[in-house]
Amino acid sequence: MDPRKRVPIRGRAAVTLGLAAALTTVAGLAAAPASAGTNCEGGYHCVFYFDFNSAKHGYFTGDPDFSNDTFNQGGSSGRGTGVNNNVWTASNSSTGGYYSLYYYNTGRTGPLVFCVRPGSQVGREQLATNNVAGDGIGQRDEASSLELRDSGWIPGGCF
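The rules we used
- Residue positions are given per chain, counted from 1 along the sequence in the order it is written.
- At least 70 in pLDDT is required for a residue's local features to be given in this predicted model, at least 80 for side-chain atom pairs to be given and counted, and no such filter applies to totals for whole chains, interfaces and linings, which use all residues.
- Calculated side-chain values reflect all of the structure's heavy atoms, with hydrogen atoms and water omitted.
- Per the convention used, a helix needs a DSSP run of H or I reaching at least four residues, while a strand needs a run of E reaching at least two, with both numbered from the N terminus.
- In this scheme, a residue with accessible area under 20% of its type's maximum is buried, one over 50% is exposed, and one in between is partly exposed, where area comes from a 1.4 Å probe on protein chains only.
- In this tally, Asp and Glu contribute negative charge and Lys and Arg positive charge; neither His nor the terminal groups of the chain are included.
- Basic side-chain nitrogens of Lys or Arg form a salt bridge, by our definition, when they fall within 4 Å of a carboxyl oxygen of Asp or Glu.
- Here a polar contact is taken to be a pair of N or O atoms separated by no more than 3.5 Å, where protein atoms must pair a possible hydrogen donor with a possible acceptor and residues adjacent in sequence count only if both atoms sit in side chains.
- Note on contacts: a residue pair is in contact if any heavy atoms of the two residues lie within 4.5 Å.
- Here, any two strands with at least 2 DSSP bridges between them count as paired.
- Inter-axis angles, ranging from 0 to 180 degrees, are taken between N-to-C directions of lines fitted to C-alpha atoms, where helices are fitted over the stretch in contact.
- As used here, the term nonpolar core means buried Ala, Val, Leu, Ile, Met, Phe, Trp, Tyr and Cys residues forming a set that is joined through side-chain atoms within 4.5 Å.
- Aromatic pairs are defined between Phe, Tyr and Trp rings, using the six-membered ring for Trp, whenever the two ring centres lie within 6.5 Å; interplanar angles under 30 degrees are classed as stacked, those over 60 as edge-to-face, and all others as tilted.
- Note on geometry: a ring has a charge over it if NZ (lysine) or CZ (arginine) is within 6 Å of the ring centre and within 35 degrees of the ring normal.
- Two cysteine sulfurs form what is called a disulfide whenever their separation falls within 2.5 Å.

With respect to the element layout, D69 can be found in the loop between β2 (55-59) and β3 (73-74). Within the buried core, D69 has no salt-bridge partner, and the shortest N-O distance to an opposite charge, that of R108, equals 9.8 Å. Among the polar contacts made by the side chain of D69, one reaches the side chain of Y59 at a distance of 2.7 Å. Not counting chain neighbours up to four residues away, the residues in contact with D69 comprise H57, Y59, D63, T81, G82 and V83.

Here it is as structure tokens:
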């Protein structure tokens with residue numbers, strides 16, 4: 001006798017409903033948008049001059065060269081200052097699950113300075129520094145370019 005025929009109809013219905021509820025829950029979690037990082041509009045990757053209340057610059061896509069960018073939004077502290085080698089704080093409000101990868105050199109070359117997970121941020125007190133901007137040592141005052149990634153190699157230890 002086929003063992004499926006011995007399961008009562010009520011039992012099969014309960015299993016079917018349970019599976020449907022579990023699949024609905026999983027689908028809802030997968031479709032949820034990434035949460036926003038601090039003081040950064042949805043879909044943007046923001047860098048700040050000092051802290052989350054200072055002047056900022058928002059990137060919707062990556063940028064291979066920060067030397068032509070200025071902190072032109074947000075607070076007044078640092079407004080008008082060039083972004084290149086002046087990033088102290090960063091926030092990721094990606095709505096597409098993109099990681100923010102910041103590099104020491106323009107062209108996204110050289111070593112990785114730091115990265116920020118979707119919906120996360122890194123404050124100035126979390127970034128290492130030797131208080132010399134652009135010397136390739138430490139993390140604060142070192143970022144010169146940005147790459148966005150949603151797959152492939154994503155470094156461990158992202159903020």
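Judged by pairing direction, the sheet is antiparallel, and its five strands sit side by side in the order β3-β2-β1-β4-β7 without closing on themselves. With partners counted over all chains shown, the strands left at the sheet margins are β3 and β7 (121-122), one partner each.

What follows is about the pairing of β2. Of all five residues in β2, five are buried; the element is thus mostly enclosed. Neither face of β2 is open: one carries A55, H57 and Y59, the other K56 and G58, and all of them are buried. When strand β1 (residues 45-48) meets β2, the two strands line up antiparallel, connected through four bridges. Note on β2: the bridge partner recorded for F48 is K56.

Below, the discussion takes up the sheet that holds strand β5 (residues 99-103). If you trace the three strands from one edge of the open sheet to the other, you get β6-β5-β8, paired in antiparallel fashion. Looking along the sheet, the strands with just one partner apiece sit at the ends: β6 (112-116) and β8 (145-149). Between one strand axis and the next, the sheet turns through 25° on average, direction left out of account. Inspection of the sheet shows β5 paired to β8 by five bridges, in the antiparallel sense. Looking across to β8, one finds that Y102 is bridged to L146.

Turning our attention to the nonpolar core. Of all hydrophobic cores here, the largest spans 17 residues; its most connected members are V47, F66, V83, V87, A90, Y102 and F114. Listing elements by their share of this core, those giving two or more residues are β2 and β6. With sequence-adjacent residues up to four places away left out, A90 is seen in contact with C46, V47, F48, F52, Y102, F114, V116, Q121 and V122.

Summed over all chains, the structure comprises eight aromatic pairs. Summarising the aromatic geometry, the rings of Y49 and F71 are spaced 5.8 Å apart at their centres and angled 75° between planes, so their arrangement reads as edge-to-face. Placement of Y49 in the loop between β1 and β2 and of F71 in the loop between β2 and β3 is noted, with a sequence separation of 22 residues between them. By relative accessible area, F71 is classed as buried at 0%. Taken together, the ring pairs in this structure connect Y59, F66, Y102, F114 and F159 into an aromatic cluster. Across from the ring centre of W88, 4.3 Å away, lies the NZ or CZ of R140, which sits over that ring.

This part covers the pattern of salt bridges. Close approach of charged atoms allows side chains with opposite charge to pair. For the coordinates displayed, the defined rule picks out two salt bridges. Measuring nitrogen to oxygen at the nearest pair gives 3.1 Å for the salt bridge that ties E41 to K56. Here E41 is found in the loop between α1 (9-31) and β1, whereas its partner K56 is found in strand β2, with 15 residues between them in sequence. On the accessibility criterion, E41 (42% relative accessible area) is partly exposed. The exposure class assigned to K56 is buried, which follows from its relative accessible area of 4%.

To continue, consider the state of the cysteines. This structure, assessed with the given rule, holds two disulfides. Here C40 is linked by a disulfide to C46, with a sulfur-sulfur distance of 2.1 Å. In this structure the cystine formed by C40 and C46 twists about its S-S bond by roughly 80°; its chirality is therefore right-handed. The same class applies to C40 and to C46, which are both buried. With its disulfide-bonded cysteines labelled consecutively along the sequence, the protein is connected as 1-2, 3-4.

These figures capture arrangement, not role.
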